Amino acid sequence: MKKIKIKKGILSILPLFCLLFNGGCNINVNLNVNNTPRLKWWQKTIAYEIYVKSFKDSDGDGIGDLNGITSELDHLKDMGVGAIWLTPCYVSPQADNGYDIADYYNIDPAYGTMEDMDRLIDEAGKRDIRIVMDLVFNHTSDQNEWFLKSRSSKDNDKSDWYIWADPKEDGSAPTNWRSIFGGSAWEYDENRGQYYLHTFLPQQPDLNWANPEVREELCNIAKFWIDKGVGGFRMDAITYIKKPAVFKDGTPDAEDGLAGIHSITANTDGILDYLHEFRSSVQDGNDIFTVGEANGVTSEDLDKWVGKNGVFDMVFSFELVNIDLPDENNWCVTRDWDLKKFKSFFSENLLSADSADGWFPVFLENHDQPRSINHFMPDDGERIAKAKALSVLLLTMRGTPFIMQGEELGFENVDWSSITDYNDISTKNHYEFLLGEGYSEEEAMAGIRRFSRDSSRTPMQWDDSENAGFTTGTPWLPVYPDYKEFNCAVERKDPDSVLNCYIELSKLRREHSELTEGDYKDILPDDENIFAFTRTKDDSKAIILINFTSNEVSYDGGLTEGATCIFSTTPKEQRGHLAPYGAVIYEM
């Protein structure tokens, strides 16, 4: 029978049409797989996070900038990147490397000008790449004009734009809450005779989302950047924006006598009302995507956060990156985990996102996390093989993959010996906290080397010249000493490099639609060595097998019987066997 293509808008009136004019009809409607709408551009592309300060310096001051990013857009295009997430490049005193914003409507002079941003958006667009801005809306800088006015008195028009509270009777902080970065979450202000709340640093006062004027202004900021032509937003620390109606002490959980603020304020009832309002005002009707940094949101909660009834298109869950960290305040206490636990994260979150008609952001690294080859693989060498194995997971899993700059080169954690070598304020505060908890300097430094955020922030390595081609000046953070071997220029020439593995995988994604649109199924959920799953669309099936061990392992060759190997990280693929950290892709 001949197929008739029918526009989506006609589907709802088709039954009535058939009854009126034909007494019923039998038409084969050509719909997408599983009768779901076709994927949007951001569901099929690859996203790439740029830590602006560390990507490429164009003017020799040692700090990455917007013009540096523009100069290297072709590197990203080669990897199939269609969305670039920029860490904050707004005006900022840089107390937390830009996550303390003084002016959301202007570019920090260290990174360039608004004209430079306009040119970046335009040049990226010519390469079918959209720019995604980082919206830091839980807090501002203490140098933001809103806060300067708010702290000046109790009766100005910004007085209620932040979270203020009176001291306890003895003059101490309103509660015993500990900030994410350590120390009290309250800071006393002499002018007002009150404390203000800061979930992170004292230089990052929390905004009062209960004030509708605040919410309206934040929506205006997002609309400003949409008008500039950006393709979406990453929403920073968004689970902390709603505060409890009553401020009460929490149960102390460490020697400092304080209680971690995360368990007290994250995902407070009513937060989704605020975010639905934001989505309705900002996103609906615009061709953009949003992804929330959703610490504390689990797979059971996803239907409220993503999809048709949710507030974002995707959320970054912390379940995977905290798989070995039971307490984010204490980097010296880790827990054992196995590959089955690792795999269950993907299965549970993918199922939850799909059931809500939502989407999943696949990531193993970001600017707040250690490098994935140190985080998720055994500490036994084989750096290139491990990086390739993880690249296969990242670029074949169902969802939108997010690559952290340097991940495509096989970057690993820094192993600096002294706390004075580190820049990150969170790392330094964690170090002091650990010493206060009674850990030795050696133990504290072991935790720092395992989890410090500086590991993902070292300058990008472009070539083997001085400072790895990042800058002609003195880099703001030291270039990692391995840059002679692990850099873009060297890896681009080496067909067996990590970079060329990423480039080849991105090409496979474009050529084999099941790798972007196909369903996901874990086919060896109980295997302790191999992560094996399928991606299926219509009559096409891809079978992906990844060895997470340093040993050669075997699997039932019947899993790939009748299939053709279309990719292997090792030169000699043998059906039924995987080399140490080997990964293969078969296609039916």
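Below is a summary of the structure that appears in this document. Treat the numbers as computed from the prediction; the structure is a model and nothing was measured.

## Notes on the sheet that holds strand β8 (residues 186-189)
- Taken in spatial order, the three strands of this open sheet run β6-β9-β8, and their pairing is antiparallel. The open sheet has two free edges, formed respectively by β6 (164-165) and β8, since each of these has just one partner strand.

## Topic: the sheet that holds strand β22 (residues 583-587)
- Ordered by their spatial adjacency, five strands build an open sheet running β16-β17-β18-β22-β20, and the pairing between neighbours is antiparallel. If you trace the sheet from one side to the other, it starts and ends with β16 (519-522) and β20 (564-568), each paired once. Across the sheet, the mean angle from the axis of one strand to that of its neighbour is 20°, orientation sign disregarded.
- The sheet contact formed by β20 and β22 spans four bridges and is antiparallel. Residue pairing in the sheet places F567 in a bridge with I585 of β22.
- This element, helix α12 (residues 339-355), spans β16 and β17 (530-537) of the sheet and lies at about 20° to β17.
- Along the sheet, helix α18 (residues 498-511) contacts β20 and β22; its crossing angle with β20, the most-contacted strand, is approximately 145°.

## Describing the packing of helix α14 (residues 383-396) against α18
- Packing of α14 against α18 leaves a shortest axis separation of 10 Å and a crossing angle of 20°. In terms of orientation, α14 and α18 fall into the roughly parallel class. At the point where α14 passes α18, the crossing takes the right-handed sense. Note on element contacts: α18 touches α14 through V498, C501, Y502, L505, S506 and R509, opposite I384, A387, K388, S391, V392, L394 and L395.
- In the contact of α14 with α18, the residues fall into nine nonpolar, two polar and two charged.

## So, the pairing of β8
- Note that β8 and strand β9 (residues 194-197) share four bridges and pair antiparallel. Paired with E187 across the bridge in β9 is Y196.

## Quick notes on empty space enclosed by the protein
- This structure, assessed with the given rule, holds four cavities of 30 Å³ or more.
- If you add up the space inside the largest cavity, you get close to 460 Å³.
- Forming the boundary of the largest cavity are 28 residues, of which I180, F318, E328, D368 and R453 lie nearest the centre.
- Across the lining of the largest cavity, the residue classes break down as twelve nonpolar, ten polar and six charged.

## Concerning the nonpolar core
- One finds L86, M117, F233, W305, F342 and F346 to be the most contacted residues of the largest nonpolar core, which totals 135 residues.
- Filtering out sequence-adjacent residues up to four positions away, M117 remains in contact with L66, L86, C89, I107, M133 and W225.
- Among the nonpolar cores identified, the runner-up in size contains 15 residues, and V132, F289, F316 and F363 belong to it.

## Concerning the environment of R127
- Here R127 lies in the loop between α6 (114-126) and β5 (130-136).
- Between the alpha carbons of R127 and D327 there is a distance of 42 Å; along the sequence they are 200 residues apart.
- Not counting residues within four places of it along the chain, the set of residues in contact with R127 comprises L73, D74 and K77.

## Here we look at the pairing of strand β2 (residues 81-86)
- Counting buried positions along β2 yields six of six residues, so the element is predominantly enclosed.
- Sheet topology note: the β2/β5 ladder contains four bridges and is parallel. In the strand pairing of β5, A83 is matched with R130.

## Structural notes on the packing of aromatic side chains
- For the coordinates displayed, the defined rule picks out 44 aromatic pairs.
- Each ring, one from W331 and one from F451, has its centre 6.2 Å from the other, and the planes form 50°; the classification is tilted. Note that W331 is positioned in the loop between β13 (314-316) and α12 and F451 in helix α16 (residues 441-451), a separation of 120 residues in sequence. Just as W331 is buried, F451 falls in that class too.
- By the ring-pair criterion, three or more aromatic residues cluster together here, those being W337, F342, F345, F346, F360, F376, Y520, F531, F533 and F548.
- In this structure, K56 is placed above the aromatic ring of W462, and the distance from its NZ or CZ to the ring centre is 5.4 Å.
- Cation over ring: K158 sits above W161, and NZ or CZ is 4.6 Å from the ring centre.

## Some words on helix α15 (residues 425-436)
- Between its first and last C-alpha, α15 extends 17 Å over twelve residues, near the 16 Å set by a 1.5 Å rise per residue.
- Restricting attention to buried positions, one finds in α15 the residues S426, T427, H430, Y431, F433 and L434. Looking straight down α15, one finds its buried side chains confined to an arc of 165°; they lie on one side. For α15, the exposed residues set more than 90 degrees away from the buried face come down to E432 and G436.

## Examining the state of the cysteines
- With the rule as written, the count across this model stands at zero disulfides.
- Looking at the unpaired C565, the closest cysteine sulfur is the one in C501, lying at 12 Å.
- The partly exposed category is assigned to C565, whose relative accessible area is 30%.

Conventions adopted
Residues numbered from 1 in each chain as written. Predicted model: local features only at pLDDT ≥ 70, side-chain atom pairs only at ≥ 80, totals over all residues. Heavy atoms only, no water. Pairing = 2+ DSSP bridges. Helix = DSSP H or I, 4+ residues; strand = E, 2+ residues; numbered from the N terminus. Axes fitted to C-alpha atoms, helices over the stretch in contact; angles between N-to-C directions. Contact = heavy atoms within 4.5 Å. Parallel < 35°, antiparallel > 145°, perpendicular 65-115°, else oblique. Left-handed = near helix turned anticlockwise from the far one by under 90°. Nonpolar A, V, L, I, M, F, W, Y, C, P; charged D, E, K, R; others polar. 1 Å grid on protein atoms, 1.4 Å probe; cavity = no way out; pocket = protein on both sides within 12 Å on 5 of 7 lines; lining within 4 Å. Points joined across faces, edges and corners; volume = space filled by probe spheres on them. Core = buried A, V, L, I, M, F, W, Y, C linked by side-chain atoms within 4.5 Å. Buried < 20%, exposed > 50% of the residue type's maximum accessible area, 1.4 Å probe, protein only. Phe/Tyr/Trp six-rings, centres within 6.5 Å; stacked < 30°, edge-to-face > 60°. Lys NZ or Arg CZ within 6 Å of the ring centre and 35° of its normal. Expected span 1.5 Å × (residues − 1). Arc of directions from axis to C-beta. Disulfide = S-S within 2.5 Å.

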